[in-house]
Amino acid sequence: MTRLAAWPLAAALSGVLALGVAPAAGQEVKEPAASATPSAAPAAPAATRNGREIYARFREGLADPSCGPETSERWQRHFAAAPKRLAARDDDALPLFGYVVDALRQANLPTEYALIPFVESGYKPGARSGSGPAGLWQFIALTARNHKIPMRAGYDGRLSPVESTQAAVRYLKTLHGMFAGDWRLAVMAYNAGEYRVFGALKHSGQRAMDADPEKLVGLSGITRAYVRKLHALSCVLDQADDREEWLRALDRPVAILAPRSLPSGATSLGAWARRHDLDPSRIERINPAFAGGRIAAGKHPMQVLAPIASTRPSTARPSTTLPATPGPPVTTLADASDAIVIDPPTATASRDAKVETPSTPASRTHTVQRGDSVWRLAKRYGVSRADLLERNGLSADDTLRPGMVLEIDAPAAAAPAPDALSAMPE
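Residues numbered from 1 in each chain as written. Predicted model: local features only at pLDDT ≥ 70, side-chain atom pairs only at ≥ 80, totals over all residues. Heavy atoms only, no water.

> Please explain helix 11 (residues 221–238) as it appears in this structure.
An α-helix turns once every 3.6 residues. As a result, residues three or four positions apart point the same way. With 18 residues, helix 11 ought to run about 26 Å at 1.5 Å a step, and its terminal C-alpha atoms sit 26 Å apart, in line with that. Counting buried positions over the 18 residues of helix 11 gives 15, a clear majority of the element. (Helix = DSSP H or I, 4+ residues; strand = E, 2+ residues; numbered from the N terminus. Expected span 1.5 Å × (residues − 1). Buried < 20%, exposed > 50% of the residue type's maximum accessible area, 1.4 Å probe, protein only.)

Structure follows, in structure tokens:
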């Protein structure tokens, strides 16, 4: 594992850089106060969202969505099973992934960082390494204490998705600012420590704002590979939507997880879960910081990661349309020669809708760029995936290649000739 001791500079800055996290990402959910008038009570938040919405928010938040031939094939093969983890209904990976993606989007950070727990722990909150690191983010004990993650008898905050994710996002936000918004340098610093990356920049005669991470000297092969791992994994997930079966597996209600405060005096996590109509085994599984499900007394209020409300099975079919939920802007590699900045689908669709309607509308076309997919283009232009494939003589197994010109709209019907119009009976 890769967690080294925390660095004082980052710890100091992390206290200055405030982190705002929405309830679904990092704030505890509190019961609303009783209202004198029932009609004045706020509407209850949604308990679930479609799994494809989580996937869309991840893709929209990528700083570098390009996936060219330079992407490591070795690491793409290594992480080939990651999409299956997200698609599996009996796996906690997708709701946990959604929780981390939300925290990063609320902090204005690239969603490449949401892949760190895949690399470090396989998105298993109780993961432990023989060398000491533990939890989703694989903090060592010294790093955890320096980032104010509580550790005491009966409670290891590194195994808490709430404590560890809040600490990791604070630290990543600090690193992101230190290295001019370059996610690649930030994850190198997360792996090896910021002072080592600053030293490598100095010895290589580079600046953070225009650095080439592959040309930094003085860093270990493990640290160099960290960037390649994350980018390869992002490409594996970005291209997973080419498989219709995988998209159908995501098209299901997924519980929205958020921190919830435990009442003072509570001693059993399972008992608390039953009182809130939640699955005790699941609550204990995703909160392994509470050893054996026992709530150890502490000086500060305890938090547990749980669905924001009871999620009884629904008979309604999950929506197949993702709601428009554009997140805050993130830093992109816009200065890189191979970067591709794709407009948010909702903004592009609205521009397309404002085209004046002539007597014979012109058919739209799209020139394929790296990172494009049939699913993304269909969503962008407001057409069905099946129609887009049929209009261009493609099958679901075909691969889009840069430079291909796709017909977006069906051929427009020719307008009747003037003579024909005049001959029509009134």
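> Which parts of the structure should I look at to understand the state of the cysteines?
Working definition of a disulfide: a covalent bond connecting the sulfur atoms of two cysteines. Across all of its chains, the model carries 1 disulfide by this definition. Note on cysteine connectivity: Cys 67 is disulfide-linked to Cys 235, with sulfurs 2.1 Å apart. Taking the sign of the S-S torsion, about -100° here, the bridge from Cys 67 to Cys 235 comes out left-handed. Of the two residues, Cys 67 is situated in the loop between helix 2 (51–60) and helix 3 (73–78) and Cys 235 in helix 11; the sequence distance between them amounts to 168 residues. Taking the relative accessible area as the measure of exposure, Cys 67 reaches 15% and is therefore buried. For Cys 235, a relative accessible area of 0% corresponds to the buried category. (Disulfide = S-S within 2.5 Å.)

> It is not clear to me how the packing of aromatic side chains should be interpreted in this structure. Could you clarify?
How two aromatic rings sit relative to each other is given by the distance of their centres and the angle of their planes. Scanning the model with the defined rule gives 10 aromatic pairs in all. Residues Tyr 55 and Trp 246 carry aromatic rings whose centres are separated by 4.9 Å and whose planes lie at 80° to one another, so their mutual orientation is edge-to-face. Taken as a pair, Tyr 55 in helix 2 and Trp 246 in helix 12 (residues 244–250) lie far apart in primary sequence, 191 residues in all. The same class applies to Tyr 55 as to Trp 246, namely buried. Each ring, one from Tyr 155 and one from Phe 290, has its centre 5.3 Å from the other, and the planes form 65°; the classification is edge-to-face. Highlighted residues: Tyr 155 in strand 3 (residues 155–156) and Phe 290 in the loop between helix 14 (280–286) and strand 6 (303–307), separated in sequence by 135 residues. The buried category is assigned to Tyr 155, whose relative accessible area is 3%. Residue Phe 290 is classed as buried on the basis of its relative accessible area of 3%. Three or more aromatic residues link up through ring pairs in this structure, and these residues are Phe 58, Phe 97, Phe 118 and Tyr 123. (Phe/Tyr/Trp six-rings, centres within 6.5 Å; stacked < 30°, edge-to-face > 60°.)

> Whenever I open this one, the side chain of Arg 260 confuses me. Can you help?
Residue position: Arg 260 is located in strand 5 (residues 257–261). When its relative accessible area of 7% is taken as the criterion, Arg 260 is described as buried. Side-chain polar atoms of Arg 260 contact the backbone oxygen of Pro 307, separated by 2.7 Å. (Polar contact = N/O pair within 3.5 Å; in protein donor to acceptor, adjacent residues only side chain to side chain.)

> How should the pattern of salt bridges be read in this particular structure?
Any two side chains of opposite charge can pair, so long as their charged atoms come close to each other. Tallying each qualifying case throughout the model produces 15 salt bridges. Between Arg 57 and Asp 102 there is a salt bridge, and its shortest N-O distance comes to 3.1 Å. Here the residue Arg 57 occupies a position in helix 2, and Asp 102 occupies one in helix 5 (residues 93–106), the gap between them amounting to 45 residues. Connected through shared salt-bridge partners, Arg 49, Arg 57 and Asp 102 make up one network. (Salt bridge = Lys/Arg side-chain N within 4 Å of Asp/Glu carboxyl O.)

> Would you explain the packing of helix 2 against helix 11 in this entry?
Packed helices, taken two at a time, are described by their axes: the angle between them and the distance between them. Where helix 2 contacts helix 11, the two axes come as close as 11 Å, and the packing angle between them is 135°. By the angle class used here, helix 2 and helix 11 are oblique. In this structure, helix 2 meets helix 11 at a crossing whose hand is left-handed. Contacts between helix 2 and helix 11 involve Tyr 55, Phe 58 and Arg 59 from the former and Ser 234, Leu 237 and Asp 238 from the latter. (Axes fitted to C-alpha atoms, helices over the stretch in contact; angles between N-to-C directions. Parallel < 35°, antiparallel > 145°, perpendicular 65-115°, else oblique. Left-handed = near helix turned anticlockwise from the far one by under 90°. Contact = heavy atoms within 4.5 Å.)

> Got a minute to help me understand the pairing of strand 5 in this structure?
Regular strands show a simple pattern: their side chains alternate between the two faces of the sheet. In terms of residue burial, strand 5 counts as a mostly covered element, since 4 of its 5 residues are buried. Where strand 5 and strand 6 come together, 5 bridges link them in antiparallel fashion. Its bridge partner being in strand 6, Leu 257 is matched across the sheet by Pro 307. (Pairing = 2+ DSSP bridges.)

> In this structure, what is going on with the confidence of the model for the protein chain? I would like to understand it.
Atomic detail in the predicted coordinates should be set aside for any region of low pLDDT. Put simply, the protein chain has an average pLDDT of 78, and 72% of its residues get 70 or more. The secondary structure element of the protein chain with the lowest average pLDDT is helix 15 (residues 345–353), at 36, and the one with the highest is helix 5, at 97. Here residues 2–22 is modelled with pLDDT under 50, and outside its nearest four sequence neighbours on either side it reaches 58 contacts, counting other chains as well. Note that residues 413–426 has pLDDT below 50 and, in this model, 3 contacts with residues that lie over four places away or in other chains. (pLDDT = per-residue confidence, 0-100.)

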